[in-house]
Amino acid sequence: MNKTGAQEKPLIANQREEEKSPGQRLHEANLKVTRPRLLVLSLLHEIKGHYSADEVVKMLQVRQTPLPRASVYNALGALLNRGLVMSADVGPGRVLYEEGLVWHHHFVCMDCGTVVDISCVKGEKPCLLPEWVPGTVEEAQIIFRGHCGSCLSKATESKAG
Ligand SMILES: [Zn+2]
Ligand SMILES: [Zn+2]
């Protein structure tokens, strides 16, 4: 992630989050340390990337640390609430979760569904405010939709062939 002078203040604390243990991060976020929260946070930390809640359920099973679906959803909800986990609404009806370290946005390929992190110019929430909202805004999640490089080159190839 590139750093500009404007991003300095809030990001320094965030970058060190990576080095903390999941238990420590729960503790600092004032969340009770429970087994589901620890398992879900550790998993997202280790695997990186973006996953649906059902994929998290499956991966925990594969790792021999299975959790009921409801516990995974509850844990994700609590972690999301405190910013330890970020969600991306990549739609339609598809929500993906990832470890919440540095606030960023997403690019979603309309052809293959690939999700790519896009750094936020401002680096803090909310980075965008409309002229009017009916209350307060905590964050602005931006999804850039389009066609990824590999889908674009496939399309050119098939045209050429
Ligand atoms: Zn694509
Ligand atoms: Zn992301």
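Whatever comes next refers back to the structure up there.
Keep in mind that this is a model prediction, so the values were computed, not measured.

Peer 1: Before we move on, could you go through the pairing of strand β4 (residues 115-119) and cite the residues and values that matter?
Peer 2: The pairing of strand β3 (residues 104-109) with β4 spans five bridges and is antiparallel. Pairing of His106 across the sheet is with Asp117, part of β4. A loop of five residues connects β3 with β4, the two strands running antiparallel in sequence, and Gly113 in this loop sits at a positive phi of about 80°.

Peer 1: Quick one: what's the story with the environment of Asp117, residue by residue and with numbers?
Peer 2: Here Asp117 is to be found in strand β4. A C-alpha to C-alpha distance of 9.8 Å links Asp117 and Trp103, two positions 14 residues apart in sequence. Contacts of Asp117, omitting those with residues within four sequence positions, involve His104 and His106.

Peer 1: So what's going on with unusual backbone geometry? Residues and values would help.
Peer 2: Look at the link from Lys125 to Pro126: it is a cis peptide, with omega at -20°. You will see that Asn30, though not glycine, has its phi angle at about 60°, which is positive. For Asn30, a count of 7 C-beta atoms within 10 Å puts it in the exposed group.

Peer 1: Explain the sheet that holds β3 to me, and be specific about the residues and the numbers.
Peer 2: Read from one edge to the other, the open sheet built from three strands follows the order β4-β3-β5, with strand pairing classed as mixed. Single-partner strands in this sheet number two, and they are β4 and β5 (143-146). Each neighbouring strand pair of the sheet contributes to a mean axis angle of 25°, computed without reference to strand direction. Judged from the four bridges that link them, β3 and β5 form a sheet pairing that is parallel. Across the sheet, residue His106 finds its bridge partner in β5, namely Ile143.

Peer 1: So, the pairing of strand β2 (residues 95-99): which residues are in play, and what are the values?
Peer 2: Inspection of the sheet shows strand β1 (residues 85-89) paired to β2 by five bridges, in the antiparallel sense. Note that in β2 the partner of Met86 across the bridge is Glu98. What sits between β1 and β2 in their antiparallel hairpin is a turn of five residues, with Gly91 showing a positive phi close to 35°.

Rules used throughout
- Residues numbered from 1 in each chain as written.
- Chains lettered and ligands numbered in written order.
- Predicted model: local features only at pLDDT ≥ 70, side-chain atom pairs only at ≥ 80, totals over all residues.
- Pairing = 2+ DSSP bridges.
- Helix = DSSP H or I, 4+ residues; strand = E, 2+ residues; numbered from the N terminus.
- Contact = placed C-beta atoms within 7 Å.
- Buried ≥ 20, exposed ≤ 12 C-beta atoms within 10 Å, placed from the backbone.
- Axes fitted to C-alpha atoms, helices over the stretch in contact; angles between N-to-C directions.

Shape descriptors only; they carry no functional weight alone.
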